[in-house]
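Observations on the model geometry
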Amino acid sequence: MGAFVALVAGIGVVSAWCAVVLIRRGRRGPTENADGLLIEQAARIRARQLRSEGRGFGSHPYPKPRSGSDRRPY
């Protein structure tokens, strides 16, 4: 019985810790340093280019099959 209580208490402590971490993380606003802003901007530009070229994952979820001599034998 004591082991069960210790297990439940341990799960409770881990759950409380996870909740505190998630709440603290949620209070932060958008990225405020220059590096983070540049990374976010580059990701948006790259996504826009892929969408405009029709190369998004939704358009081509699988790679093109190889043809002829470049096929690897299995």
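Placed above this text is the structure.
All of the points below concern the structure found in this document. This structure is a prediction, so every number in the text was calculated from the model and none was measured. (Residues numbered from 1 in each chain as written. Predicted model: local features only at pLDDT ≥ 70, side-chain atom pairs only at ≥ 80, totals over all residues. Heavy atoms only, no water.)

Side note on the overall build of the protein
- Counting its secondary structure elements, the protein contains 2 helices and 0 strands.
- Here the protein holds 74 residues, and the buried ones make up 3% of them.
- Per element, the accessible surface of the protein, about 7300 Å² overall, is 62% carbon and sulfur. (Helix = DSSP H or I, 4+ residues; strand = E, 2+ residues; numbered from the N terminus. Buried < 20%, exposed > 50% of the residue type's maximum accessible area, 1.4 Å probe, protein only. Areas by Shrake-Rupley, 256 points an atom, 1.4 Å probe, with all protein chains shown as cover.)

Considerations on a nonpolar patch on the surface
- On the surface, a cluster of nonpolar side chains totalling about 670 Å² of accessible area is made up of M1, F4, V5, L7, V8 and I11.
- Relative to the assigned elements, L7 resides in helix α1 (residues 2–27).
- You can call L7 exposed: its relative accessible area is 52%. (Patch = residues over 30% accessible without salt bridge, like charges linked within 9 Å, V, L, I, M, F, W, Y side chains within 5 Å. Salt bridge = Lys/Arg side-chain N within 4 Å of Asp/Glu carboxyl O.)

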